[in-house]
Amino acid sequence: VDQPPAVVVLAAAAQLRADRALSTRTALFALAGAEMDHVKSIEHRPFGEVGLAIRWIEQKRGDDTVLLLRTDVGARYGYESRYQYYPVPLDLDDVQLFAPRIGVGFRYAITEHVRAIEEAEILVNVVGTDRTLATSLTRLQAQLLGPLALSVGLQINHDSSAAAGKKPNDIIFTTGVELGF
């Protein structure tokens, strides 16, 4: 009856982005990141991207941004190492991704310390297998101390060429701690 706890799901993602302003509305950006999702048979997926960001709307109150609408246009390269963890361990073929990426970011300050944020992106692979990746993350963010914030959200992912036996769509409830610079 009393069994020791067991890890049944491992998933994580991290990303670092740097922007360099070209004008008040445009910036070049570079980002690097990595993801893993054992349920989707993704052992690890490192990626890098470069592109152009355009701020269509930006309203500030002092130093705080109260409304922002941004579009990203970039090129992403990623390498996806696949391994089936569930139900039976099995090595799967790895997949490369080279795709143009279009992203949109929206942020609205509901109060001084609470923000509504939407981030969405679509990538269409242009090398190798036909594949479309789309993601939408809607979240509420509450500032705790300085750049430290707590967030809750709903993420919807689509992968038109998911690993064998995996469904193409995921709906994920997220919670997290964010550190902004």
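Summary of the structure given here. (Residues numbered from 1 in each chain as written. Predicted model: local features only at pLDDT ≥ 70, side-chain atom pairs only at ≥ 80, totals over all residues. Heavy atoms only, no water.)

Residues Ala149, Ser151, Gly153, Gln155, Asn157 and Asp159 line the buried face of strand β9 (residues 148-159), whereas the alternating positions Leu148, Leu150, Val152, Leu154, Ile156 and His158 sit on a face that is not buried. Where strand β8 (residues 132-145) and β9 come together, twelve bridges link them in antiparallel fashion. Residue Leu145 lies in a different strand from β9, and its bridge partner there is Leu148. Between β8 and the antiparallel strand that follows it, β9, lie two residues; Gly146 among them carries a positive phi value of about 50°. Pairing geometry for β9 and strand β10 (residues 169-179), over eleven bridges, is antiparallel. Bridged to His158 within β10 is Asn169. (Buried < 20%, exposed > 50% of the residue type's maximum accessible area, 1.4 Å probe, protein only. Helix = DSSP H or I, 4+ residues; strand = E, 2+ residues; numbered from the N terminus. Pairing = 2+ DSSP bridges.)

Moving on, we get to the packing of aromatic side chains. Enumeration over the complete set of coordinates arrives at one aromatic pair. When the ring of Tyr83 is compared with that of Tyr85, the centres are 4.9 Å apart and the planes differ by 70°; the resulting orientation is edge-to-face. The exposure class of Tyr83 is partly exposed, given its relative accessible area of 25%. Lying across the ring of Phe29, Arg17 places its NZ or CZ 4.1 Å from the centre. (Phe/Tyr/Trp six-rings, centres within 6.5 Å; stacked < 30°, edge-to-face > 60°. Lys NZ or Arg CZ within 6 Å of the ring centre and 35° of its normal.)

Let's shift gears to the environment of Ala14. By the secondary structure assignment, Ala14 is in strand β1 (residues 11-21). Put simply, Ala14 and Asn125 are 111 residues apart on the chain and 21 Å apart in space, counted from C-alpha to C-alpha. If near-sequence neighbours (up to four positions away) are discounted, Ala14 is found in contact with Ala32, Gly33 and Ala34. (Contact = heavy atoms within 4.5 Å.)

What follows is about the pattern of salt bridges. All told, the structure shown has 18 salt bridges when counted by the stated rule. The salt bridge involving Asp72 is made with Arg101; its shortest N-O contact spans 3.6 Å. Within this pair, whereas Asp72 is found in strand β4 (residues 64-84), its partner Arg101 is found in strand β6 (residues 95-109), the two being separated by 29 residues in sequence. With a closest N to O distance of 3.8 Å, Arg76 and Glu121 form a salt bridge. Here the residue Arg76 occupies a position in strand β4, and Glu121 occupies one in strand β7 (residues 114-124), the gap between them amounting to 45 residues. (Salt bridge = Lys/Arg side-chain N within 4 Å of Asp/Glu carboxyl O.)

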